Amino acid sequence: MTYKPKVINDPVYGIISIDNKLIFDIIEHPLMQRLRRIKQLGLSCLVYPGAMHTRFQHVVGATYLMQNAIDELKGKGLRLNSDDRDAAMVAILLHDLGHGPFSHTLENSFFCNISHEQISEEFMKIINRDHGGELEGGIQVFNNTHELKILHKLVSSQLDMDRLDYLSRDSFYTGVNEGVISSDRIIKMLNYHGDEPVIEYKGIYSIEKFLIARRLMYWQVYLHKTVVVAEEMLKLIIKRAKEITMAGRKLFAPPQLDFFLGHNISEDGLHQVFDGKTPLEHFANLDDSDIVSAIKVWQYDSDYVLSNLCKRLCNRQLFKIEISNDEIPEGRIQEIKDLILSKHLVPEEHIDSFVISGTLYNKAYSRNRDEKINILMKDGQVKGIGSISDISIVSALSKTVKKNFVCYAV
């Protein structure tokens, strides 16, 4: 049967046309549909109530931008065929497939030293088998083994379709206007030089705004102090639930969550079979709803640490946070611990579950030779934006800003 293009009404870009049957079939796959149940911004909705959008919305939007970028480059002479176009779109569509519940928040809570990119590639291989090998090119683009290296840069670099979409989308759903960027203009200014994507000189101001927007979105949304607190508390909840389970007491949990509470899975065990299922199969069934349902029940658990943390998170009674440009003195941290022990029924051996310290990092741009954003000058030369921008802020954005924090129960 002839494939009839499908349309999606996206609040950020308007009507998105899915003109490729392979892309539509992949979208329909259960592993893709799972992304509808994973929030893009973790617990940012506790600060910005509108930030309820999902990884599914993000990857569809990024695929739309990739389609436009490929067509733009092809129009400017880049030699690629329809298979190359499909490969680039498959790679960006599936690049976040390996995210777990609440996205980056619980990145290290279910696997030991396994990134979501590694899980994404494993899931890609599963879909590839289901589609008779049609995703081979997309997997090559994703892991940078495709002969057209420029395609991988459009998926993962300092100016990729992933970043262009999440800045626009996260800005839209949070209502933080500082994150608004002109993705249409940036793509129109997109060109190529050898195997590298470049931006034509007349698009330099759009890139400067893009970098500034990224810097502001990190402080205002991704590293917002209340978001940091909530996400640290969520990590502590899962950590405590694992400790209880590993000690031999079974907690309420959906089967897929129960599996990870009782196992520490490293890369060697990724394909091992446990009671008829591999960790990947369990992870494919795990999403935000499993965590939320468990936390609602754990509020009433007999373990003081677990129940207290869950009640606080459910009712948004979050820890207090102090942020400093300087290192938090050990004396101050001990003072906080002593106060909590005197004020709450916290067992002394679990005080570290009620006082958390750490460091926040924000670096909007890297001037590394292999990573920098390149500008195509009018005379045909290619230069990094840091060397030609007429505002000093690009140099400032390439410096890592570090802030220390301590958050604690009140």
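Refer to the structure printed above.
Residues numbered from 1 in each chain as written. Predicted model: local features only at pLDDT ≥ 70, side-chain atom pairs only at ≥ 80, totals over all residues. Heavy atoms only, no water.

Describe in detail the overall build of the protein chain, supporting the description with residues and values.
Along the protein chain, the regular secondary structure elements total 18 helices and nine strands. In terms of overall size, the protein chain behaves like a compact globule, its C-alpha atoms giving a radius of gyration of 23 Å where 410 residues would be expected to give roughly 22 Å. Summarising its shape, the C-alpha atoms of the protein chain cover approximately 70 × 55 × 35 Å along the three principal directions. Considering the protein chain as a whole, with its 410 residues, one finds that 57% of them fall into the buried category. If you take every contact in the protein chain between residues at least 6 apart in sequence, the share linking residues at least 24 apart comes to 70%. For the protein chain, the accessible surface area stands at approximately 18600 Å², while carbon and sulfur atoms represent 49% of it. Across the protein chain, the centroid of the 49 positively charged side chains sits 5 Å from that of the 54 negatively charged ones. (Helix = DSSP H or I, 4+ residues; strand = E, 2+ residues; numbered from the N terminus. Rg over C-alpha atoms; globule rule 2.2 N^0.38 Å. Buried < 20%, exposed > 50% of the residue type's maximum accessible area, 1.4 Å probe, protein only. Contact = heavy atoms within 4.5 Å. Areas by Shrake-Rupley, 256 points an atom, 1.4 Å probe, with all protein chains shown as cover. Lys, Arg positive; Asp, Glu negative; His and termini not counted. Charge placed at Lys NZ, Arg CZ, Asp CG, Glu CD.)

How would you explain the environment of Met124 if you had to name every residue and give the values?
Among the structural elements, Met124 can be located in helix H5 (residues 116–130). Sequence separation of Met124 and Ile16 is 108 residues, and the distance between their C-alpha atoms is 23 Å. Discounting residues that sit within four places of it in the chain, Met124 has contacts with Ala91, Leu94, His95, Leu97, Leu135, Ile139 and Phe142.

A description of the sheet that holds strand E9 (residues 401–408) should follow, citing residues and the corresponding values.
Taking strand neighbours across the sheet as the criterion, the three strands line up as E5-E9-E6 in an open arrangement whose pairing is antiparallel. Of all strands in the sheet, those with a lone pairing partner are strand E5 (320–324) and strand E6 (355–362), marking the two edges. Here the average twist between neighbouring strands, direction ignored, is 25 degrees. The sheet contact formed by E6 and E9 spans eight bridges and is antiparallel. (Pairing = 2+ DSSP bridges. Axes fitted to C-alpha atoms, helices over the stretch in contact; angles between N-to-C directions.)

Report on the packing of aromatic side chains, specifying residues and quantitative values.
In this description, an aromatic ring pair is defined by two values, namely the gap between the centres and the angle between the planes. If you walk through the whole model with that rule in mind, you get 15 aromatic pairs. Considering the side-chain rings of Tyr3 and Phe24, the 6.2 Å spacing of their centres and the 45 degrees angle between planes classify their relative orientation as tilted. Taken as a pair, Tyr3 in the segment before strand E1 (6–10) and Phe24 in helix H1 (residues 21–27) lie far apart in primary sequence, 21 residues in all. Among the aromatic residues, those joined into a ring-pair cluster are Phe110, Phe111, Phe123, Phe259, Phe260, Phe274 and Phe283. Taking NZ or CZ as reference, Lys6 lies 5.3 Å from the ring centre of Phe24, over its face. In this structure, Lys403 packs its charged tip against the face of Trp219, placed 4.4 Å from the ring centre. (Phe/Tyr/Trp six-rings, centres within 6.5 Å; stacked < 30°, edge-to-face > 60°. Lys NZ or Arg CZ within 6 Å of the ring centre and 35° of its normal.)

I'd love a proper account of the environment of Leu22, names of residues and values included.
Along the chain, the position of Leu22 falls in helix H1. The buried category is assigned to Leu22, whose relative accessible area is 12%. Between the alpha carbons of Leu22 and Leu135 there is a distance of 9.0 Å; along the sequence they are 113 residues apart. Discounting residues that sit within four places of it in the chain, Leu22 has contacts with Val90, His131, Glu134 and Leu135.

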